[in-house]
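The residues making up each chain are set out below.
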Amino acid sequence: GNSVTQMEGPVTLSEEAFLTINCTYTATGYPSLFWYVQYPGEGLQLLLKATKADDKGSNKGFEATYRKETTSFHLEKGSVQVSDSAVYFCALRGLTTDSWGKLQFGAGTQVVVTP
Amino acid sequence: NAGVTQTPKFQVLKTGQSMTLQCAQDMNHEYMSWYRQDPGMGLRLIHYSVGAGITDQGEVPNGYNVSRSTTEDFPLRLLSAAPSQTSVYFCASSLDSYSNQPQHFGDGTRLSIL
């Protein structure tokens, strides 16, 4: 079945540092890939998405590129702020009959940005 | 602009009690789902629905029931609560199950079973 693996946290960074969160996946066919962010006490919000190979999703300074050859969708941001402190989830949406429409999530990576 | 509304936000139950977690959306979304979030395990799908009157099991359905009598509402029922069901529960909805429209999440229900 489908699965998503992302790096464990917590990741602690200073403000203005570069952030990378690794995400790799296993899936049949060509799933859609997503990054969701969860701020303390809130539900998940879509951060960005990519629906086909070599697509780059971007939002709020975050970027991720759909790499079919390495089955990866790493999240990056060039200069983080304290307000970026949150838990980040990588997810895929299957396109096969038995996984249609369902989101498969990684374990989540907590990011802590200090002033 | 309500989106996905979950109630209650917090609940403490004793083992063996039953309760219903409520979820409502006002976006006329066909697809709705319930997840549980546990440390180190991400979100796992409990049940989902592709439209009114249609429900199906997800990855971890045991101990939970759902129904979808209207497009707007998708309640999750715990028939006999167990400590293993202590978790944070999220309801989500999306326009449909076949496009790439994003899922919208509620703020969650934090449930503790003693």
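On a predicted model such as this, the values are computed, not experimentally measured, just so you know.

A. A look at the state of the cysteines. For the structure on display, the rule yields two disulfides over all chains. Two residues share a disulfide in this structure: Cys23 of chain A and Cys90 of chain A, whose sulfurs sit 1.9 Å from each other. The sign of the S-S torsion, about -70°, decides the handedness of the disulfide formed by Cys23 of chain A and Cys90 of chain A: left-handed. Taken together, the positions of Cys23 of chain A in strand E4 (residues 23-26) and Cys90 of chain A in strand E10 (residues 86-93) put the pair 67 residues apart, joining distant regions of the chain. By the burial criterion, Cys23 of chain A is buried, and Cys90 of chain A matches it. The partner cysteine of Cys23 of chain B in its disulfide is Cys91 of chain B, sulfur to sulfur 1.9 Å. Disulfide Cys23 of chain B to Cys91 of chain B: torsion about the S-S bond roughly -70°, handedness left-handed. Taken as a pair, Cys23 of chain B in strand E3 (residues 19-25) and Cys91 of chain B in strand E9 (residues 87-94) lie far apart in primary sequence, 68 residues in all.

B. Quick look at the side chain of Thr109 of chain A. All names here are of chain A. Inspection of the secondary structure assignment puts Thr109 in strand E12 (residues 109-114). Judged by its relative accessible area of 0%, Thr109 falls in the buried class. At 2.9 Å, the side chain of Thr109 forms a polar contact with the side chain of Gln6. Within the structure, Thr109 has its side chain in polar contact with the backbone oxygen of Met7 (distance 2.5 Å).

C. Geometry of the pattern of salt bridges. Summed over all chains, the structure comprises five salt bridges over all chains. Residues Glu63 of chain A and Lys56 of chain A are paired through a salt bridge, measuring 3.7 Å at the closest nitrogen-oxygen approach. Judged by relative accessible area, which is 34%, Glu63 of chain A ranks as partly exposed. Through salt bridges with shared partners, one network takes in Arg36, Asp38 and Arg44 of chain B.

D. Main features of the sheet that holds strand E7 (residues 64-66) of chain B. Residue and element names in this part refer to chain B. Strands sit in the order E1-E3-E8-E7 across an open sheet of four strands; the sheet is antiparallel. The outermost strands of the open sheet, each flanked by one partner alone, are strand E1 (4-7) and E7. The mean inter-strand angle of the sheet, taken between neighbouring strand axes irrespective of direction, is 20°. Relative to strand E8 (residues 76-78), E7 runs antiparallel, the two sharing three bridges. Note on E8: the bridge partner recorded for Tyr64 is Leu78.

Criteria and thresholds
Residues numbered from 1 in each chain as written. Chains lettered and ligands numbered in written order. Predicted model: local features only at pLDDT ≥ 70, side-chain atom pairs only at ≥ 80, totals over all residues. Heavy atoms only, no water. Disulfide = S-S within 2.5 Å. Helix = DSSP H or I, 4+ residues; strand = E, 2+ residues; numbered from the N terminus. Buried < 20%, exposed > 50% of the residue type's maximum accessible area, 1.4 Å probe, protein only. Polar contact = N/O pair within 3.5 Å; in protein donor to acceptor, adjacent residues only side chain to side chain. Salt bridge = Lys/Arg side-chain N within 4 Å of Asp/Glu carboxyl O. Pairing = 2+ DSSP bridges. Axes fitted to C-alpha atoms, helices over the stretch in contact; angles between N-to-C directions.

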